[in-house]
Structures are given as structure tokens and as C-alpha cells.
Amino acid sequence: MFIIVHGLFAITIASIICVAFILGGNNGTIDGQGETWWKMFRNKELNYTRGYLIELMYCKQVLISNITLVNSPSWNVHPVYSSHVIVSGITILAPVNSPNTDGIDPDSSSNVRIEDCYIVSGDDCIAIKSGWDEYGIAFNMSSKHIVIRRLTCISPTSAVIALGSEMSGGIQDVRAEDITAIHSESGVRIKTTIGRGAYVKDIFVRRMNLHTMKWVFWMTGTYGQHPDDKFDPKAIPVVQNISYSNVVAENVTMAAKLEGIPGAPFTGICIYNVTAEVVKSKKPIWNCTDVEGVSSHVTPTPCAQIPEYPDRITHCPFPEDDLPVNGVGLEECAYQRAKP
Ligand SMILES: *[C@@H]1O[C@H](CO)[C@@H](O)[C@H](O)[C@H]1NC(C)=O
Ligand SMILES: *[C@@H]1O[C@H](CO)[C@@H](O)[C@H](O)[C@H]1NC(C)=O
Ligand SMILES: *[C@@H]1O[C@H](CO)[C@@H](O)[C@H](O)[C@H]1NC(C)=O
Ligand SMILES: *[C@@H]1O[C@H](CO)[C@@H](O)[C@H](O)[C@H]1NC(C)=O
Ligand SMILES: *[C@@H]1O[C@H](CO)[C@@H](O)[C@H](O)[C@H]1NC(C)=O
Ligand SMILES: *[C@@H]1O[C@H](CO)[C@@H](O)[C@H](O)[C@H]1NC(C)=O
Ligand SMILES: *[C@@H]1O[C@H](CO)[C@@H](O)[C@H](O)[C@H]1NC(C)=O
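Conventions we followed
Residues numbered from 1 in each chain as written. Chains lettered and ligands numbered in written order. Predicted model: local features only at pLDDT ≥ 70, side-chain atom pairs only at ≥ 80, totals over all residues. Heavy atoms only, no water. Helix = DSSP H or I, 4+ residues; strand = E, 2+ residues; numbered from the N terminus. Rg over C-alpha atoms; globule rule 2.2 N^0.38 Å. Buried < 20%, exposed > 50% of the residue type's maximum accessible area, 1.4 Å probe, protein only. Near = heavy atom within 4 Å. Polar contact = N/O pair within 3.5 Å; in protein donor to acceptor, adjacent residues only side chain to side chain. Areas by Shrake-Rupley, 256 points an atom, 1.4 Å probe, with all protein chains shown as cover. Lys, Arg positive; Asp, Glu negative; His and termini not counted. Salt bridge = Lys/Arg side-chain N within 4 Å of Asp/Glu carboxyl O. Contact = heavy atoms within 4.5 Å. Disulfide = S-S within 2.5 Å. 1 Å grid on protein atoms, 1.4 Å probe; cavity = no way out; pocket = protein on both sides within 12 Å on 5 of 7 lines; lining within 4 Å. Points joined across faces, edges and corners; volume = space filled by probe spheres on them. Phe/Tyr/Trp six-rings, centres within 6.5 Å; stacked < 30°, edge-to-face > 60°. Lys NZ or Arg CZ within 6 Å of the ring centre and 35° of its normal. Nonpolar A, V, L, I, M, F, W, Y, C, P; charged D, E, K, R; others polar. Pairing = 2+ DSSP bridges.

Q: Looking at this model, I keep getting lost on the overall build of the protein chain. Mind explaining?
A: Within the protein chain one finds two helices and 17 strands. Against the 2.2 N^0.38 benchmark of 20 Å for 340 residues, the protein chain shows a C-alpha radius of gyration of 20 Å, consistent with a compact globule. When the backbone C-alpha atoms are referred to their principal axes, the protein chain occupies close to 75 × 45 × 40 Å. Sorting the 340 residues of the protein chain into buried and exposed places 54% on the buried side.

Q: Hey, could you run me through the site of ligand 5 in this one?
A: Lining the immediate environment of ligand 5, one finds Thr212, Asn251 and Lys280. Between ligand 5 and the protein, one listed contact pairs an oxygen atom with a side-chain N or O atom of Thr212 at 3.3 Å. Surface burial for ligand 5 is 34%, taken as the share of its 370 Å² of free accessible area covered by protein chains.

Q: Sorry, what's going on with the side chain of Glu259 here?
A: Inspection of the secondary structure puts Glu259 in strand β14 (residues 238-259). No salt bridge is formed by the buried Glu259; its nearest oppositely charged neighbour, Lys257, is found at 4.6 Å. Within the structure, the side chain of Glu259 is placed 2.7 Å from the side chain of Thr222, a separation counted as a polar contact. Glu259 has contacts with Met219, Thr220, Gly221, Thr222, Phe266, Thr289 and Val291, leaving out every residue within four places of it along the chain.

Q: Just checking my understanding: could you explain the state of the cysteines for this structure?
A: Note on terminology: a disulfide is the covalent bond linking the sulfur atoms of two cysteines. Enumeration over the complete set of coordinates arrives at three disulfides. Residue pairing for Cys270: its cysteine sulfur links by disulfide to Cys316, the two sulfurs lying 2.1 Å apart. Across the disulfide from Cys270 to Cys316, rotation about the S-S bond amounts to roughly -85 degrees, and the bridge is consequently left-handed. With Cys270 in strand β15 (residues 266-278) and Cys316 in the segment after β17 (291-299), this residue pair connects regions lying 46 residues apart in the sequence.

Q: Looking at this structure, I do not really get the layout of surface pockets. What am I missing?
A: To find leftover empty space, one rolls a probe the size of a water molecule over the atoms. The volume enclosed by the largest pocket comes to roughly 880 Å³. As for the largest pocket, its lining consists of 36 residues, and the residues nearest its centre are Tyr52, Trp75, Lys129, Trp132 and Glu166. If you list the elements that add at least two residues to the lining of the largest pocket, you get α2 (133-139), β11 (143-163) and β12 (171-191).

Q: Could you clarify how one ought to interpret the packing of aromatic side chains in this entry?
A: Working definition: an aromatic ring pair is given by the centre-to-centre distance plus the angle between the planes. Scanning the model with the defined rule gives seven aromatic pairs in all. Between Tyr52 and Trp75, the ring centres sit 4.6 Å apart and the planes meet at 10 degrees, which makes this aromatic pair stacked. With Tyr52 in the loop between α1 (35-42) and β4 (54-57) and Trp75 in the loop between β5 (60-70) and β6 (77-80), this pair connects stretches of sequence that are 23 residues apart. Residue classification places Tyr52 among the partly exposed residues on the basis of a relative accessible area of 21%. What links up through ring pairs into an aromatic cluster is the set Tyr58, Tyr81 and Phe139. Geometry around Tyr309 places Arg312 over its ring, the cationic atom sitting 4.3 Å from the centre.

Q: Can you help me understand the site of ligand 7 in this one?
A: Neighbouring ligand 7 are Lys257, Glu259, Pro284 and Asn287. Lys257 places a polar side-chain atom, nitrogen or oxygen, 2.8 Å from an oxygen atom of ligand 7. Between Asn287 and ligand 7, the recorded distance is 2.4 Å, taken from a side-chain N or O atom to an oxygen atom. In terms of residue class, the shell around ligand 7 is made up of one nonpolar, one polar and two charged.

Q: Got a minute to help me understand the environment of Ser296 in this structure?
A: With respect to the helices and strands, Ser296 occurs in strand β17. For Ser296, a relative accessible area of 0% puts it in the buried group. Remark: the alpha-carbon pair of Ser296 and Trp75, spanning 221 residues in sequence, is separated by 37 Å. Setting aside residues no more than four positions away along its own chain, Ser296 makes contact with Ile271, Tyr272, Asn273, Glu308, Tyr309, Pro310 and Ile313. A polar atom in the side chain of Ser296 sits 2.8 Å from the backbone oxygen of Ile313.

Q: What is the right way to look at the pairing of β12 in this model?
A: Looking along a regular strand, one sees the side chains alternate between the two faces of the sheet. The element β12 is largely enclosed, with a buried count of 16 among its 21 residues. Note: β11 against β12, 14 bridges, orientation parallel. By the bridge assignment, Ile146 is partnered in β12 with Val174.

Q: Sorry if this is basic, but what is going on with the pattern of salt bridges here?
A: Where side chains of opposite charge bring their charged atoms close, a pairing between them can arise. Applying the stated criterion to the full structure yields 13 salt bridges. For Glu166, the salt bridge goes to Lys129, with nearest N and O atoms at 2.7 Å. Residue Glu166 is found in the loop between β11 and β12, and its partner Lys129 is found in the loop between β10 (126-128) and α2; the two are separated by 37 residues along the sequence. There is no split in this pair, since Glu166 and Lys129 are both buried.

Q: Would you take a moment to explain the environment of Lys234 for this structure?
A: With respect to the secondary-structure elements, Lys234 resides in the loop between β13 (199-220) and β14. On the basis of relative accessibility, which here comes to 72%, the residue Lys234 falls in the exposed class. Separated by 37 residues in the primary sequence, Lys234 and Gly197 place their C-alpha atoms 7.9 Å from one another.

Here it is, written out as C-alpha cells:
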């Protein structure tokens, strides 16, 4: 099946299984009319979860471009069990107090490229996920090879990019660059908890410009939130090989809260060339527990767990190889219908 949707149209919620899907337009708008749903959710009147605005399941070769999505009932774009997904030049707008209106959530999906997007949201602008506790471990489908570039985000109560908290299929090889955030809670945040199993590894972030943030760096190994009490307490997630470089942040409350898992620390954290202008902090500017790493050229001075080696650390890794999804584009073509 090959589906092409072009221009303005009037669906509100789409759930699609497909081989190739192109949703593009001259900046048409899809209005999810979420207000009714948010009200019912807040009043606990819903017996079922809310729908997502665009949900793509088991899709290969997807392009979503040049559209505006407003007022989604819940998440806006949810590619799940999908691959080769490009989201380019889209605008997502939801009131900053609307519940769970995540922007784009690649979920157990690989080779995903998200670029030139502007997102204002009541939850994470982007959240990468891969399954929840014992169900995600059994299904075992990771999210990997994900490129995010030139993202602008406003998310006062959530992350610019969240990894997790559902990550039980694993999250690997995420490359984020040229990220701008205005008034957001945290930058690229890792969220996990005992019972999730799997891993979050090989995460690379460079060139973030952050204005008005609660935390520049935030990792949480005790997130909690289980679907039920059948999770395996021995399923300890591994978090390793996480790099952040060239970050400028102003008007931040705390530089970092890095909290690993007792007995299973988050390792291989590298932080390089960061300037955070911290204002009005009563709490410690860096609070680190159960994490290990290195840093260099970071202001204010990091915690003892991420010591500075200004001479030895001259950069943090960022892979230079090109992912297959990087070069994909649309071929231009035209046809003319024969006159009858
Ligand atoms: C939820 O279920 C209750 C009890 O069955 C029912 O009265 C109510 O109308 C349902 N709410 C919605 C939004 O369907
Ligand atoms: C999206 O818009 C940009 C800028 O107008 C244009 O260059 C690009 O070709 C458009 N992409 C698609 C797939 O329509
Ligand atoms: C998940 O799949 C990978 C291979 O794709 C395998 O190496 C790993 O052991 C699997 N994990 C679990 C928990 O089944
Ligand atoms: C971190 O990831 C990079 C890129 O995949 C890889 O080259 C490097 O070996 C990894 N480092 C560790 C310590 O796993
Ligand atoms: C700085 O951040 C505070 C919230 O912590 C906000 O109220 C204030 O407007 C911000 N100042 C500027 C100049 O953005
Ligand atoms: C440090 O980061 C700043 C801001 O992103 C950038 O302009 C500068 O070139 C970086 N310096 C090095 C040595 O990478
Ligand atoms: C630092 O973080 C730990 C773990 O989250 C927390 O228990 C502790 O209260 C924090 N310390 C301060 C001084 O805020």
C-alpha cells in the first residue's frame, strides 16, 4: 500500500498501518480539538486512553512534512514499530498546560530523522520510547539510529528531548544537534527505573542553546511508574556512553541533577564545553548520585562524579559516519492527464 496525502484535509485522528506514507502540504493544519479530551482526562471521566493525532504502526518509509498540528488530544506524532521515518519542517502547537501533548514520540522505531521542527507543548517536545517493563522486555524492539536536528522547543514542564521512561526494548544511537529551547524544564533527559531492563546507550548531543531552564542536564534512575506490579526487580536498565558538548544555557535554576541507580551507576557520561548561567539557586547547582563520567571546560564546575580533565578531554564523541536515513529525500516528479 502506498498512501499519499497532500494539502489540507479534515481528519482529526489517524491510525495507519502502511508500507509508504507521505503526509505533506503547503502548511495545512490538522486540529485535534483536544480541549474536550483534556477536560475529561482532568476530570477522570475517561475509561480509555486518549487517541494520538497521527499514529503510524508498522510503517516503513514515512515522510511527514510542512504541516501544522494543533491541539492534539494526547501525543501528536507516534511512529511505533516503524522504520525510515522522516519528520521535516512541521509545527506542533498545544497549550503549555495541556496534559501529555508530547510532540513526536519515536517508539520501538529505527532510522528516524526529525528536522526543522518547532514544537510548543504541554509535555516533552520529543520523547523516544521502546516499551514498558515486562511487556517491553518480552517484545524486545529497540529505538535506534535516530537523528534530531534543528529543533526549537518550548516545554515549561517537560524535556526538550526525553529518552524513556518506557525504554524496555532499549534505546541506542541517538544523535541530536542544533537544539534551541526557550522556557523548558530540561534539555535531553534520561528517565528510567528498576524493572525496565534494557539500556539507553550511545546518546550524542551537541550545540544546544537553552534559555530559561530548570535543569540543563537531568537523568533519573528512579522514575517509578509501572504498568502493574509484575515487573522484574532484577531487570536493571543500563545507561552508558552519553555525550553532551557545546551547550550554552542562560537563566537556569540548576545545572544538573544526575541520579543513577544505586549499585548500577550510569557510566560513560562525557560533558564538554558547557556554559550555564545559574540564577537564584538555593539547591546545589550540581547534584550527582550513582553516575560516573568526565568533563572539561564546563561552567559552573561539575560535581565530583563528573571530574574535569581540561587537558585530557578535548571533545566528547559524536559519530561522524552518516546514517542511511540522513541522505533520504523526495524525488520531484510531475504528470499531466491526457485531455479526454
Ligand atoms: C465510563 O464508564 C462509566 C461506567 O460504565 C460510564 O457511565 C461512563 O459514561 C463512561 N464514560 C465515557 C466517557 O465513556
Ligand atoms: C517543504 O517546504 C520547504 C520550504 O518551502 C520546501 O523546500 C520542501 O520541498 C517542502 N517539502 C515537501 C516534501 O513538500
Ligand atoms: C533482544 O534482542 C536482541 C537481538 O536483537 C538479543 O541480543 C537480546 O538478547 C534480546 N533481549 C531479550 C531480553 O530478549
Ligand atoms: C560510544 O559510542 C560510540 C559510537 O557508537 C562508539 O564508537 C564508542 O565505542 C562507544 N563508547 C563506549 C565506551 O561504549
Ligand atoms: C528567568 O527565569 C525565570 C523562571 O525561573 C522567569 O520567571 C524569568 O522571566 C526569566 N528571565 C528571563 C530574562 O527570561
Ligand atoms: C564551545 O561552544 C560554543 C557554543 O556552542 C561554540 O561557539 C564554540 O565553538 C565551542 N568551542 C569549542 C572549542 O568547541
Ligand atoms: C540530591 O539528589 C538526591 C537524589 O535525587 C536527593 O535525595 C537529595 O536530596 C539531593 N540533594 C540536595 C541537597 O538537594
